[in-house]
Amino acid sequence: MLEIVIINNDFSFVSDIINNILINSNIKIIGLFCNVEESLEFISKHHPDIVILSSIDFSTFKKIIDNFYHPNIILLTNSLR
């Protein structure tokens, strides 16, 4: 089972991810955060397999890469660009 953490402050977008992609799969959501600092602390302790975050939040992406083991990271956007 893959363990994932989702970091995003748009509840509607996160809800769509959960309902359309993650439901009925072999994935366990172990963390759901809108606060970056709390998420980084959680990631450092629990080492999820995948981290999903907004593609506009590059500072969080850099912090994860600089400070932690290297999980698989999925950058998502709710933009139509």
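Our structure's up above, just so we're on the same page.
Colleague: Residue-level account of the pattern of salt bridges, with values.
Modeller: According to the stated counting rule, one finds one salt bridge in the structure shown. A salt bridge links K45 to E41, with the shortest nitrogen-to-oxygen separation between them at 3.3 Å. Of this pair, K45 and E41 both sit in helix α2 (residues 36-46), four residues apart, which is roughly one turn of the helix. For K45, a relative accessible area of 58% corresponds to the exposed category.

Colleague: Could you give an account of unusual backbone geometry, with specific residues and numbers?
Modeller: Even without being a glycine, H47 presents a positive backbone phi close to 45°. With respect to the helices, strands and loops of the structure, H47 is situated in the loop between α2 and β3 (50-54). Taking relative accessible area as the criterion, H47 reaches 42% and is therefore assigned partly exposed.

Reading the values: the criteria
Residues numbered from 1 in each chain as written. Predicted model: local features only at pLDDT ≥ 70, side-chain atom pairs only at ≥ 80, totals over all residues. Heavy atoms only, no water. Salt bridge = Lys/Arg side-chain N within 4 Å of Asp/Glu carboxyl O. Helix = DSSP H or I, 4+ residues; strand = E, 2+ residues; numbered from the N terminus. Buried < 20%, exposed > 50% of the residue type's maximum accessible area, 1.4 Å probe, protein only.

Function cannot be inferred from these measures alone, as they are strictly geometric.
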